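Report on the structure
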Amino acid sequence: MSETRHDWTKAEIMAIYNKPLMELLYEAATIHREHHDPNTVQVSTLLSIKTGGCPEDCGYCPQAARYHTDIETNDLMKVSHVKAQALRAKASGSSRVCMGAAWRNVKDGPEFDQVLEMVRTINKLDMEVCCTLGMLTENQAKRLAEAGLYAYNHNLDTSEDYYKDVISTRAFEDRLQTIDNVRKSNVTVCSGGIIGMGERLEDRAGMLVALTSLNPQPESVPINALVAVEGTPMAEIEPVAIWDMIRMVATTRIVLPETQVRLSAGRTEMSREGQAMCFFAGANSIFAGDKLLTTPNPDVNEDMEMFKLLGLNPQKPFVKVAQPTTTEAADSELVPLGEKPKWTRPGHTIARNETAKQDAKLAE
């Protein structure tokens, strides 16, 4: 059985990534079979519960208020709407619902209370519940755990070195602090990143160094390919090659042997053959549905056809970690603390982000 290491170096990871492809795939597939069922892939549904208007400056994101991307914004969904979407996802084969809100950070109050009720509602449907709501405090993480949250997503996005070339409104350390706050609860961690943003191979390796250094390592690591959206600073970047995705998935599987590796954004650009190679290399989760928050995604029926063709079975919920219990709001022992943490605002500017911001003003 391959061991879980927390001391990988960037040079070691780059050497793995650059192995002859067949050798890399064989090693990754062997490790995958030691820790996971190779014919089982989890199907997750990503639901944008609050879209657009985000104050952050992330060069890849169409939800940033400062860019002109023509996305349809919406206020926080009602709990009844979220429940209906979750039931629809469950009927189509999903065992996990991931709810995303375009917030910089969680703030105590009626909207967070509404999200907690969404978590309670979905957990009672016997589905894994994941949230990505921005930065949050230890108390907020514990309140989510009490409601029945299974996982919290907070991506590192890229390496610490390249991070400042992508995002100007928060620091890499804020990402790590939020993950640490989640770890103080019984919620599992989902954290990965995006490739194809103009980063170097060293940055891809650097991101994996940061993820493997976490102890415990994330239970879930999404690997996204940049989906270039018109109006964002990265709109003109060419799609990442499928071979890069395959190598990144395989390398992630080798250095994070027990983790669920999630083949996430960018699948619309991948052939079935390319996706099959990613599954062989160690990916054991996909996001289903026609959208991933705001970007295109393959239709769920197409995915089920692909599963049938490849002989894959959808993973049942709570295979890796037991289902959390749900405490009703009236029985909660935790109260909002009205915290106002000082999350970092680095204050530097990124040239391409500033250009996109000025273009947005001209388009108004």
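Data block above holds the structure.
In this report, we go over the structure that sits alongside the text.

So, how was this worked out
- Residues numbered from 1 in each chain as written.
- Predicted model: local features only at pLDDT ≥ 70, side-chain atom pairs only at ≥ 80, totals over all residues.
- Heavy atoms only, no water.
- Axes fitted to C-alpha atoms, helices over the stretch in contact; angles between N-to-C directions.
- Helix = DSSP H or I, 4+ residues; strand = E, 2+ residues; numbered from the N terminus.
- Parallel < 35°, antiparallel > 145°, perpendicular 65-115°, else oblique.
- Left-handed = near helix turned anticlockwise from the far one by under 90°.
- Contact = heavy atoms within 4.5 Å.
- Nonpolar A, V, L, I, M, F, W, Y, C, P; charged D, E, K, R; others polar.
- Core = buried A, V, L, I, M, F, W, Y, C linked by side-chain atoms within 4.5 Å.
- Buried < 20%, exposed > 50% of the residue type's maximum accessible area, 1.4 Å probe, protein only.
- Phe/Tyr/Trp six-rings, centres within 6.5 Å; stacked < 30°, edge-to-face > 60°.
- Lys NZ or Arg CZ within 6 Å of the ring centre and 35° of its normal.

A separate point is the packing of helix α2 (residues 21–35) against helix α9 (residues 242–255). The geometry of α2 relative to α9 is characterised by a closest axis approach of 9 Å and an angle of 40° between their N-to-C directions. The orientation of α2 relative to α9 falls into the category oblique. Between α2 and α9 lies a crossing whose hand is left-handed. Along the contact surface, α2 presents L21, L24, L25, E27, A28, I31 and H32, while α9 presents W243, I246, R247, A250, T251, R253 and I254. Residues that form the contact of α2 with α9 fall into these classes: nine nonpolar, two polar and three charged.

What follows covers the nonpolar core. Grouped together as the largest cluster of nonpolar side chains are 92 residues, with contacts concentrated most on I49, Y60, M99, L133, L144, Y152 and L263. Looking at this core element by element, the count peaks at seven residues for α9. With residues up to four places along the chain from it excluded, the contact list for I49 reads N74, D75, L76, M77, V82, M99, G100, A101, V115, M118 and L133. With seven residues, the next largest nonpolar core counts L46, C98, C130 and A151 among its residues.

Another aspect to go through is the packing of aromatic side chains. For the structure shown, the criterion picks out three aromatic pairs. When the centroid spacing of 5.6 Å and the interplanar angle of 65° are considered together, the rings of Y150 and F318 count as edge-to-face. With Y150 in the loop between α5 (138–147) and β4 (151–153) and F318 in the loop between β12 (313–314) and α12 (351–363), this pair connects stretches of sequence that are 168 residues apart. No difference in accessibility class separates Y150 from F318, as the two residues are buried. Across from the ring centre of W8, 4.0 Å away, lies the NZ or CZ of R5, which sits over that ring.

Here R120 lies in helix α4 (residues 110–123). Given the relative accessible area of 5%, R120 is considered buried. Residues within four places of R120 in sequence aside, it is in contact with A147, T326, T327, E328 and A329.

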